[in-house]
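# Analysis of the macromolecular model
What follows is each chain in one-letter form.
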Amino acid sequence: PDRGLNLITCENWTHPGDVLRQALTAALPLEATDFFRERCGVAESTVYRGCIEPTAAQQALDPLAVQGTDYWQLQVDGDHLCQPFPAVPGIVPITGFQTALERKLFTYSALSAVIAYLGAALGFRGLHEAAVDPRVVAVAQNALRESGAALVRRHGHPMAEQEAHAAESLAAFQDPRNPDTLERHGRDPLRK
């Protein structure tokens, strides 16, 4: 009973932590709201790991199967966690979450959009195939330079750090083990 409870949203949406926190608070009886505010954290995260629909063969073996990309870190809004937050491998609580979120959106997510839409226009189906095509790479690198310069101006982190993040993001999409599709990356653009 002295321990807190933390809920971490893993959703590409506008302020999903606030939406969930408000919905939970509204559903609670009035006498429970103070307890909820004191003992329950509701935090957002930056989602980099793709969860991809299984192949027919995988689904035949296990109807609950899902494929995932090889990324094992989850940045979480440390300012909205109930403390003390336990050390959990791969979960990285950070302060100033909006900066990390904007970096993710205008680097990784923007890159995803460039690859998905341009790759589809060029006739590709797989994310990896489009991400290594020189025509797509040229446009993607220009987009990363422009968004990177804006992020550095806005948040003041070193350009070398932003460039490393951009290169890591592009490498993730270019990984030949990545089974993701352009259709999945390009669908539901308003939510993403």
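Anything mentioned here points back to the structure above.
Rules used throughout
- Residues numbered from 1 in each chain as written.
- Predicted model: local features only at pLDDT ≥ 70, side-chain atom pairs only at ≥ 80, totals over all residues.
- Heavy atoms only, no water.
- Helix = DSSP H or I, 4+ residues; strand = E, 2+ residues; numbered from the N terminus.
- Buried < 20%, exposed > 50% of the residue type's maximum accessible area, 1.4 Å probe, protein only.
- Contact = heavy atoms within 4.5 Å.
- Areas by Shrake-Rupley, 256 points an atom, 1.4 Å probe, with all protein chains shown as cover.
- Lys, Arg positive; Asp, Glu negative; His and termini not counted.
- Charge placed at Lys NZ, Arg CZ, Asp CG, Glu CD.
- Polar contact = N/O pair within 3.5 Å; in protein donor to acceptor, adjacent residues only side chain to side chain.
- Pairing = 2+ DSSP bridges.

With that settled, consider the overall build of the protein. Each helix and strand counted, the protein has eight helices and seven strands in total. Overall size of the protein, expressed as C-alpha extent along the three principal axes, is 60 × 50 × 30 Å. Split into buried and exposed, the 192 residues of the protein put 37% on the buried side. Of the contacts made within the protein by residues no fewer than 6 positions apart, 63% connect residues no fewer than 24 positions apart. Summed over all atoms, the accessible surface of the protein reaches about 11,500 Å², with 60% contributed by carbon and sulfur. The centroid of the 17 positive side-chain charges in the protein is displaced by 3 Å from the centroid of its 23 negative side-chain charges.

Here the focus is the side chain of Gln 162. The topology assignment puts Gln 162 in helix H7 (residues 159-174). Reaching out from Gln 162, the side chain makes a polar contact with the side chain of Arg 103 at a distance of 3.1 Å. Sequence-distant contacts of Gln 162, defined by excluding residues within four places in its chain, comprise Arg 103, Thr 107, Gly 148, Leu 151, Val 152 and His 157.

Here we come to the sheet that holds strand S6 (residues 74-77). Strands sit in the order S3-S6-S7 across an open sheet of three strands; the sheet is mixed. Across the chains shown, the open sheet's two edge strands, defined by having one partner strand only, are strand S3 (45-46) and strand S7 (91-94). Bridging between S6 and S7 involves four bridges; their strand directions are parallel. By the bridge assignment, Leu 74 is partnered in S7 with Ile 91.

This brings us to unusual backbone geometry. In this structure, the amide linkage connecting Gln 83 to the following residue, Pro 84, adopts the cis form with an omega of 0°. Mapped onto the secondary structure, Pro 84 falls in the loop between S6 and S7.

Glancing now at the side chain of His 128. In this structure, His 128 sits in helix H5 (residues 127-132). On the basis of relative accessible area, His 128 is assigned to the buried category, the value being 18%. Polar side-chain contacts of His 128 include one of 3.2 Å to the backbone oxygen of Gln 174. Sequence-distant contacts of His 128, defined by excluding residues within four places in its chain, comprise Phe 173, Gln 174, Asp 175, Pro 176 and Asn 178.

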